Amino acid sequence: MTDRLEASEKRFRKLLDAIPFVAVQGYGPDGTTRYWNQASEQLYGYSAEEAIGRNLLDLIIPMEMRQEVQGVMTQMFATRQPLPAEELSLVRKDGSRVELFSSHAIVRVPGLEPEMFCVDIDLTDRKHMEATLRQREHSQRALLDNFPFMVWLKDEQSRYLAVNAAYERMRGRSYTELSGKTLQESFPE
């Protein structure tokens, strides 16, 4: 039975190390790092050798979050209930921030101390893309609103997608009132 358990553990660790974009870390109740996969090395900049044995709070938690994270960890280990998955901004080895989505689990193996596992996915590229899209939308909106004539955009079902400021002034309806409606729904007789 012990050989099977060891083989299972090795397979599990090989699997976690082989997943390139999912960072997985394991921590003891006091926050000591016990597991650090290759994706964690890429995401945070610490090798497994540098991370294992160090405290989570000192590795990747920003100073302003440390007290809160310590309290949450204490609560998680006491209740054995993980906190909900959420977006976080943590710190890399070089001091830069990394935006990520983090899930947590408490794992209890009979005869061993419980561990908390964190599964992190880097959102940096997505956040950058979202910011770029917001900037483009803002620029397009500013351009459309400066046209002196009415401009509107509709989808295939003739529902309003956008109108400019001139349209709102001349027709007396805001985009909020028109959004998703057809002309007949927006201006009934």
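The structure we're discussing is the one just above.
A quick note: this is a predicted structure, and the numbers were derived from the prediction, not measured.

(A) Main features of the pairing of strand β5 (residues 115-122). Pairing analysis gives five bridges linking strand β1 (residues 23-27) to β5, with the strands arranged antiparallel. When the sheet's bridge partners are listed, Tyr27 is paired in β5 with Met116.

(B) Molecular detail of the side chain of Ser102. With respect to the helices and strands, the residue Ser102 is situated in strand β4 (residues 97-107). Side chain to side chain, Ser102 and His104 meet in a polar contact 3.1 Å long. Polar contacts involving the side chain of Ser102 include one to the side chain of Asp120, which spans 2.5 Å. With residues near it in sequence (within four places) discarded, Ser102 still touches Ala85, Glu86, Leu88, Cys118, Val119 and Asp120.

(C) Looking closely at unusual backbone geometry. Located in the positive-phi region is Arg80, a residue other than glycine, with phi close to 60°. By secondary structure assignment, the location of Arg80 is in the loop between α5 (66-79) and β3 (86-91). Backbone geometry at Ser158 places phi at a positive 60°, although glycine is not the residue there. For Ser158, the position within the fold is in the loop between β6 (152-154) and β7 (160-163).

(D) How the structure looks around α5. If you check α5, its first and last C-alpha atoms are 20 Å apart, about what 14 residues at 1.5 Å a residue would give, namely 20 Å. For α5, the full list of buried residues reads Val69, Met73, Met76 and Phe77. Projected onto a plane normal to the axis of α5, the buried residues spread over an arc of 90° and lie on a single side. Of the exposed residues in α5, the ones pointing more than 90 degrees away from its buried face are Gln67, Glu68, Gln75 and Ala78.

(E) Highlighting the pattern of salt bridges. Applying the stated criterion across every chain yields a total of six salt bridges. The partner of Lys93 in a salt bridge is Glu50, with the nearest N and O atoms 2.5 Å apart. Residue Lys93 is found in the loop between β3 and β4, and its partner Glu50 is found in helix α3 (residues 48-51); the two are separated by 43 residues along the sequence. With its nearest N and O atoms 2.5 Å apart, the salt bridge here joins Arg97 to Glu64.

Cut-offs and rules
For every chain, the first residue of its written sequence is number 1, and the numbers climb from 1 along that sequence. Residue-level local features of this predicted model are given only where pLDDT is at least 70; pairs of side-chain atoms are given and counted only at 80 or more, and the full residue set underlies all totals for whole chains, interfaces and linings. The side-chain values count all of the structure's non-hydrogen atoms but skip hydrogen atoms and water molecules. Strands are labelled as partners when DSSP assigns at least two bridges between them. Secondary structure follows DSSP: runs of H or I at least 4 residues long count as helices, runs of E at least 2 residues long count as strands, and numbering of each begins at the N terminus. By the criterion applied in these results, polar contacts are pairs of N or O atoms within 3.5 Å in which, for protein atoms, one can donate a hydrogen and the other can accept it, and in which residues neighboring in sequence qualify only through two side-chain atoms. Between two residues, a contact is recorded if the distance between any of their heavy atoms is within 4.5 Å. A helix's residues, less one, multiplied by 1.5 Å, set its expected span. Relative accessible area decides the class of each residue, using a 1.4 Å probe on protein chains only: under 20% of the type maximum gives buried, over 50% gives exposed, and in between gives partly exposed. What the arc covers is the set of directions going from the helix axis to the C-beta atoms. Take a side-chain nitrogen of Lys or Arg and a carboxyl oxygen of Asp or Glu: if they are within 4 Å of each other, that pair is a salt bridge.

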